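# Structural characterization, general
Each chain is listed here by its residues.
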Amino acid sequence: MKRRNFLKNAGMVGVALGTAPSVFSQTNLNSITSKTSPIAVATWNFQNATKMAGSMLYDGASALDAVEKGVMVEEANLKNTTVGNGGAPDRDGNVTLDACIMSPDGNAGSVVYLKEIEHPVSVARKVMEETPHVMLAGEGALQFAIQQGFKRKNLLTPESETAWKEWLKKKEYKPIINIENHDTIGMLCLDRNGDIAGACTTSGLAYKMNGRVGDSPIIGAGLYLDNEVGGAVATGMGEAILKSVGSFLIVELMRQGKSPQEACEEAVMRTVNKDPDYKNFQIAFLAMNKAGEVGSYCIHKGFTYAKYHEGENTNNPSSSYLEE
């Protein structure tokens, strides 16, 4: 059963009650969408992903289609050992994938602890569009994916298996700051209609405990957007991002009038001010508002983001709290 049919009656109730966007929100939306041109941004230097998404946007694709196809580039990239196929396994040797996607109308889909499917973001989209749910996990997510026509695939490459077996000799686990430069890809796209969509996908921390899920597939943590305001994505130590619900926080701060840059800085400072251990891990945020303004901020120097706009595909350094 498709979500739109499942929610149709609820939507009619909302109409009957006279619910509608605020005058400010609707006016703001109408005034800025006519001034924007397509933009694709993504965490880290994933320029192949932004090139794919950006090119699609300039050809007239929707933001939703562009973010899905954009992050799929990295899900299929065997050289990227923490997204999709070839991702580093957990400490028991399982490659488990997490992903989520959000559409401009506020719908969302997510999968966690998904095995043997190369493109979890596409499964997340199917959850969003074909079920009344937002999130499916583990065996249930795999069963659903197979029912939707996805093919099972061994995602543990020889290279990742060799690295895992080497790790088993000492079994030392600690976060490595900025190892995320081959980690989570979070992407936001603004299309010709002025609509924003987002996606986030990862295989998570290498050699994590079996069953661990980070921020990436959690709506409000790894990704959040509101089509009247803008969107945000996160990367880094997922546990810290989960505790602050960082992406939701950024969108709400932008709703209150802060720029994407100001909102990202405030979100990072929430963690810095509350966690005395902040120097020992990295978190980073990337945000874009409806006017196409982009901001980013992180704890440690080294985070970058890719941006495709008007045919130019760039890698951009982020400002950081600790500049040393």
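Our subject in this report is the structure included herewith. Keep in mind the model is a prediction, meaning the values are calculated, not measured.

## A look at unusual backbone geometry
- Notably, glutamate 116 is not glycine yet its phi reads approximately 65°, a positive angle.
- Among the secondary structure elements, glutamate 116 is positioned in the loop between β3 (108-114) and α6 (120-130).
- Overall, the relative accessible area of 30% leaves glutamate 116 in the partly exposed class.
- With phi around 50°, glutamate 310 is a residue other than glycine that occupies positive phi space.
- Here glutamate 310 shows up in the loop between β11 (304-309) and β12 (312-317).
- Residue classification places glutamate 310 among the exposed positions, given a relative accessible area of 59%.

## Topic: helix α7 (residues 138-147)
- The set of residues buried in α7 consists of Gly138, Ala141, Leu142, Phe144 and Ala145. Around the axis of α7, the buried residues are gathered within 165° of arc, so they sit on the same side. More than 90 degrees from the buried face of α7, the exposed residues found are Glu139 and Gln147.
- At its buried positions, α7 is contacted by β3, α6 and β4 (135-137).
- Among the residues trailing α7, glycine 149 stands out with phi positive, at a value near 100°.

## Here we look at the side chain of threonine 96
- Topologically, threonine 96 is positioned in the loop between α5 (63-75) and β2 (97-102).
- You can call threonine 96 buried: its relative accessible area is 1%.
- Within polar-contact distance, the side chain of threonine 96 engages the side chain of lysine 208 at 3.0 Å.
- Not counting chain neighbours up to four residues away, the residues in contact with threonine 96 comprise Asp90, Tyr113, Leu114, Lys115, Thr202, Ser203 and Lys208.

## A few points about the pattern of salt bridges
- Throughout the structure, instances matching the rule amount to 11 salt bridges.
- The salt bridge involving arginine 125 is made with glutamate 129; its shortest N-O contact spans 3.0 Å. Separated by four residues within a single helix, arginine 125 and glutamate 129 lie in helix α6, roughly one turn from each other.
- Taking the relative accessible area as the measure of exposure, arginine 125 reaches 15% and is therefore buried.
- A relative accessible area of 28% places glutamate 129 in the partly exposed class.
- Overlapping salt bridges bring together Asp65, Glu68, Arg125 and Glu129 as one network.

## Section: the packing of aromatic side chains
- Enumeration according to the criterion identifies five aromatic pairs in this entry.
- Ring geometry for tyrosine 278 and tyrosine 321: centres 5.9 Å apart, planes at 65°, overall edge-to-face. Taken together, the residues tyrosine 278 in the loop between α11 (260-274) and β9 (283-289) and tyrosine 321 in strand β13 (residues 319-322) connect sequence positions 43 residues apart.
- By relative accessible area, tyrosine 321 is classed as partly exposed at 33%.

Rules of the game
Residues numbered from 1 in each chain as written. Predicted model: local features only at pLDDT ≥ 70, side-chain atom pairs only at ≥ 80, totals over all residues. Heavy atoms only, no water. Helix = DSSP H or I, 4+ residues; strand = E, 2+ residues; numbered from the N terminus. Buried < 20%, exposed > 50% of the residue type's maximum accessible area, 1.4 Å probe, protein only. Arc of directions from axis to C-beta. Contact = heavy atoms within 4.5 Å. Polar contact = N/O pair within 3.5 Å; in protein donor to acceptor, adjacent residues only side chain to side chain. Salt bridge = Lys/Arg side-chain N within 4 Å of Asp/Glu carboxyl O. Phe/Tyr/Trp six-rings, centres within 6.5 Å; stacked < 30°, edge-to-face > 60°.

Structural measurements only, silent on function.
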